[in-house]
Number of protein chains: 2
Amino acid sequence: MRLDPTTREWVIIAANRSRRPHDFAVRNEGRFAIASEGPCPFCPGNETMTPPEVLSHRDHGTHSWRVRAFPNRFPALTRDGNTLRTQERGLLVSLDGFGIHEVIVETPAHDRMPGLMSVEEVQDVLMAYQERFRALTKESWLKSLIIFKNHGRGAGTSLEHPHSQLVATAVAPRHLRMRQQVALDYYDTTGRCVYSDLALLEADMGTRLICSSDRFVAFHPFASSRPFETWIVPKAHQPSFSDASTEVVGDLAGILRMILVKLHRGLNNPDFNYVLDLGLPGSGNSDHYLWHLRLVPRLTETAGFEMGSGIYINTALPEETAEFMRNVRVD
Amino acid sequence: MRLDPTTREWVIIAANRSRRPHDFAVRNEGRFAIASEGPCPFCPGNETMTPPEVLSHRDHGTHSWRVRAFPNRFPALTRDGNTLRTQERGLLVSLDGFGIHEVIVETPAHDRMPGLMSVEEVQDVLMAYQERFRALTKESWLKSLIIFKNHGRGAGTSLEHPHSQLVATAVAPRHLRMRQQVALDYYDTTGRCVYSDLALLEADMGTRLICSSDRFVAFHPFASSRPFETWIVPKAHQPSFSDASTEVVGDLAGILRMILVKLHRGLNNPDFNYVLDLGLPGSGNSDHYLWHLRLVPRLTETAGFEMGSGIYINTALPEETAEFMRNVRVD
């Protein structure tokens, strides 16, 4: 059993149940057979099918876009209502579904797989994340901003066209408060940031390292909760994703693309989710917390034990999956 | 948005995305097409294929069993090793996979669906849980005991023959500590148990109630994280599952069977997980905590937003799904 130092949750690494890394390569036929009803709302030419855009990257002198963002047509949260809590009979606490839910279309190409995108395309997407992050953190009610991507039906996507999403909430998720608290406790004890320490440790040990760039390391964490869980963490402390320079975002694009290509080739384009872990806005993140990216391929099911205990059973050794990923060639 | 009073996690009830309850009924063909290699180790006659049994219920004067328990052949945790922690370079905390992992075969009938079991059969299973719970809580190293059932491939089962599992850990899951703390905080403020208060409230309001028995209520909680999430909670305070009388366990069997039948008929035998939430052993549960059962059908996928925020997006209104379930007939 291994302890995640950033959540203090235990993980069971079930070596006796473990499969060889290549056994996780998945079959792809039919996985994306999502019944499409009518034209794709994310494709060029269908822009009127989406709500008015809040962001686009366009080539100079043309009308064609590379990246577009707009409010989700079926939002989980909206700007209707307010943030006042209602408390009925002591136990029933609720508020309006107040917030923002946006879609970021990553490319005009309907069937471009993430593992086949160029560094420039990935950078365009990351820059769009940053622009929306900068714009939305100005909202006084904002208590969390989650930027994430679901790839593949098994990862919760209902549309094939590559897209990311952004959800801004007016309540602070307890899960993020918990991560902050664990990072603060570590900081109080050591005077250092637990994420920076992890990045340095993994870069130094190398056994769970996938690759590194000038400014980032990508690794399968010691207490990975699921096979091929991948973290991309800045090597040096960074005040916030919002303030990251174009060079930093470009460097992240390079290493993220490398991970996406390796997953695509090594595991045959698996379903996955990734999330940018940006911390709690306005909580003075600069010393104890460090933004990073977490990616989890959907290769195994969680079950009743995870539901009851919060402890994951991971059927793969991170050291073995990392070695497998290091050996996947990227041209 | 609604706040779960037992975890203090928010849930988004996405009414605009909601489907009608009957839309969650699933197609069943091929769902259980688990490639079986050779004979079923859980079937009568194949007892030698399993490790030596630790429990069985047998009919008097016969050799045939109704329920059997034995160590898992592919255990997540074993009695090998010890509970000493290793801390490498500050951040890499681990210990041996020390613990117990058992299987409880619920019936001799290979293809008996949970929704077709009799009250007597369900009671046999619950009695077996209680016997193993009583036996294992004597272990001095025990820090948590998770009893759970995975039904269907989408719920993480690899074997069709109906079975439950039990995992005993030598570490306290942070998730259980958190639940204890929330219940303690509620107790300190009110002098009452949050689970008892919830059971009384749901029985009284009735809008999210499925059914009730002499001693239990079954309902879809106000802040349900997923469609048709079902809780079964004792009406009156009970010191512990271990001390529950045969009458109490029999009463629980009746209401659990009713839920299983309603799920089977109303949603066409969906995959599900349930877990007995027994609290932390030896933490003086008696006043602030109340054991209960939580069941979650696997009808929707979680995705990047849940992974990043810990907030679930539930696409069904608990009041509507509860009404649907109340109307499913049980003969």
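See the structure shown above.
All of the points below concern the structure found in this document. Note that the structure is predicted; figures quoted are calculated from it, not measured.

This paragraph deals with the overall build of chain A. The helix and strand tally for chain A stands at 6 helices and 15 strands. Here the C-alpha radius of gyration of chain A, 20 Å, is about what a compact globule of 331 residues would show, namely 20 Å. Each principal axis of the C-alpha distribution contributes one length, and for chain A these read about 55 × 50 × 40 Å. Evaluated residue by residue, chain A yields a buried proportion of 47% over its 331 residues. Taking all contacts inside chain A whose residues are at least 6 apart in sequence as the whole, residues at least 24 apart take part in 70%.

A few words on the environment of B:Arg20. Residue and element names in this part refer to chain B. Mapped onto the elements of the fold, Arg20 is located in the loop between strand 2 (10-13) and strand 3 (55-58). With 10 C-beta atoms packed within 10 Å, Arg20 lands in the exposed category. C-alpha separation for the pair Arg20 and Arg226, spaced 206 residues apart in sequence, amounts to 14 Å.

Once turned by 180 degrees and shifted 0.0 Å along the axis, chain A lies on chain B with an RMSD of 0.0 Å. Taken together, the rotation and translation describe the operation of a two-fold axis. In this assembly, 100% of the residues forming the interface of chain A have copies in chain B that are likewise at the interface, indicating an isologous arrangement.

Turning next to the interface of chain A and chain B. Between chain A and chain B, the contact holds 55 residues from the first and 55 residues from the second. Going through the elements one at a time, strand 1 (2-3), strand 2 (10-13), strand 6 (92-94), strand 8 (144-151), helix 2 (174-190), helix 3 (194-205), strand 13 (272-277) and helix 5 (304-309) of chain A are the ones with two or more residues in the side of chain A that touches chain B. A per-class count over the side of chain A that touches chain B returns 31 nonpolar, 14 polar and 10 charged. Of the strand pairs in this sheet, strand 1 of chain A and strand 6 (residues 92-94) of chain B are connected by 2 bridges, and their pairing is antiparallel. Bridged to A:Leu3 within strand 6 of chain B is B:Val93.

Moving on, we get to the packing of helix 1 (residues 119-136) of chain A against helix 4 (residues 246-267) of chain A. If you want to describe how two helices pack, look at the angle between their axes and the distance between the axes. Residues and elements named next belong to chain A. In contact at an axis separation of 8 Å, helix 1 and helix 4 are set at 125 degrees when each is read in the N-to-C sense. Overall, the two elements helix 1 and helix 4 adopt an arrangement that is oblique. Both helix 1 and helix 4 take part in a crossing whose hand is right-handed. Along its contact with helix 1, which presents Val119, Val122, Gln123, Leu126, Met127 and Gln130, the element helix 4 presents Val249, Gly250, Leu252, Ala253, Gly254, Leu256 and Arg257.

Once that is clear, we can look at unusual backbone geometry. All names here are of chain B. Positive phi, close to 60 degrees, is recorded for Arg8, a residue that is not glycine. Structurally, the position occupied by Arg8 is in the loop between strand 1 (2-3) and strand 2. Taking the C-beta count within 10 Å as the criterion, Arg8 has 17 such neighbours and is therefore assigned partly exposed. One non-glycine residue, Asn268, adopts positive backbone phi at about 65 degrees. Within the secondary structure layout, Asn268 lies in the loop between helix 4 (246-267) and strand 13 (272-277). Exposure remark for Asn268: the 15 C-beta atoms within 10 Å place this residue in the partly exposed category.

Here the focus is helix 4 of chain B. For helix 4 of chain B, which comprises 22 residues, the first-to-last C-alpha distance of 31 Å matches the rise-based estimate of 32 Å (1.5 Å per residue) to within 8%. After helix 4 of chain B finishes, the residue B:Asn268 shows a positive phi value of roughly 65 degrees.

Residues and elements named next belong to chain B. The element strand 13 is extensively covered by neighbouring structure, given that 6 of its 6 residues are classed as buried. Alternating residues of strand 13 divide into Phe272, Tyr274 and Leu276 and Asn273, Val275 and Asp277, and every residue in both groups is buried. Relative to strand 13, strand 8 (residues 144-151) runs antiparallel, the two sharing 5 bridges. When the bridges of strand 13 are listed, Asn150 appears paired with Asn273. Sheet topology places strand 13 next to strand 14 (residues 292-297); 6 bridges connect them, and they run antiparallel. For Asp277, the partnering residue across the bridge sits in strand 14 and is His292.

Let us now look at helix 1 of chain A. An ideal rise of 1.5 Å per residue puts 26 Å on 18 residues; helix 1 of chain A measures up with 26 Å between its terminal C-alpha atoms. Residues of helix 1 of chain A that are buried include every one of A:Val122, A:Gln123, A:Val125, A:Leu126, A:Ala128, A:Tyr129, A:Gln130, A:Arg132 and A:Phe133, and no others.

Let us now look at the sheet that holds strand 8 of chain B. Residues and elements named next belong to chain B. Spatially, 3-4-7-9-8-13-14-12-11-10 is the arrangement adopted by the 10 strands of the open sheet, whose pairing is antiparallel. Each of the sheet's edge strands pairs with one partner strand only, and the pair in question is strand 3 and strand 10 (209-212). Neighbour-to-neighbour, the strand axes of this sheet turn through a mean angle of 15 degrees, independent of strand direction. By the bridge criterion, 7 bridges tie strand 7 (residues 99-105) to strand 9 (residues 163-169) in an arrangement that is antiparallel. Of the residues in strand 9, the one forming a bridge with Gly99 is Thr169.

The subject of this paragraph is the environment of A:Val328. Residues and elements named next belong to chain A. Mapped onto the secondary structure, Val328 falls in the segment after helix 6 (318-326). In the structure, Val328 is positioned 173 residues away from Ala155 in sequence and 23 Å away in space, judged by C-alpha atoms. When near neighbours in sequence (up to four residues on either side) are disregarded, Val328 contacts Lys262, Arg265 and Gly266.

Here we come to the sheet that holds strand 5 (residues 86-88) of chain A. If you trace the 5 strands from one edge of the open sheet to the other, you get 5(A)-6(A)-1(B)-2(B)-15(B), paired in mixed fashion. Strands with a single pairing partner mark the edges of an open sheet, and in this sheet they are strand 5 of chain A together with strand 15 (312-314) of chain B. Pairing of strand 2 of chain B with strand 15 of chain B involves 3 bridges; the strand directions are parallel. When the sheet's bridge partners are listed, B:Val11 is paired in strand 15 of chain B with B:Tyr312.

A:Ile232, A:Val233, A:Leu256, A:Ile259 and B:Ile12 are the most contacted members of the largest nonpolar core, which totals 83 residues. Sorting elements by how many residues they give to this core places helix 4 of chain A first, with 9 residues. Judged by nonpolar contacts, the second largest core, of 82 residues, contains B:Ala168, B:Ile232, B:Ile259 and B:Leu290.

Next up on the list: the environment of A:Glu247. Residue and element names in this part refer to chain A. Positionally, Glu247 belongs in helix 4. By the C-beta count within 10 Å, which is 10 here, Glu247 ends up exposed. When the C-alpha positions of Glu247 and Asp111 are compared, they lie 29 Å apart, and in sequence the two are 136 residues distant.

About the criteria used
Residues numbered from 1 in each chain as written. Chains lettered and ligands numbered in written order. Predicted model: local features only at pLDDT ≥ 70, side-chain atom pairs only at ≥ 80, totals over all residues. Helix = DSSP H or I, 4+ residues; strand = E, 2+ residues; numbered from the N terminus. Rg over C-alpha atoms; globule rule 2.2 N^0.38 Å. Buried ≥ 20, exposed ≤ 12 C-beta atoms within 10 Å, placed from the backbone. Contact = placed C-beta atoms within 7 Å. Least-squares fit on C-alpha atoms with pLDDT ≥ 70 in both. Nonpolar A, V, L, I, M, F, W, Y, C, P; charged D, E, K, R; others polar. Pairing = 2+ DSSP bridges. Axes fitted to C-alpha atoms, helices over the stretch in contact; angles between N-to-C directions. Parallel < 35°, antiparallel > 145°, perpendicular 65-115°, else oblique. Left-handed = near helix turned anticlockwise from the far one by under 90°. Expected span 1.5 Å × (residues − 1). Core = buried A, V, L, I, M, F, W, Y, C linked by C-beta atoms within 7 Å.

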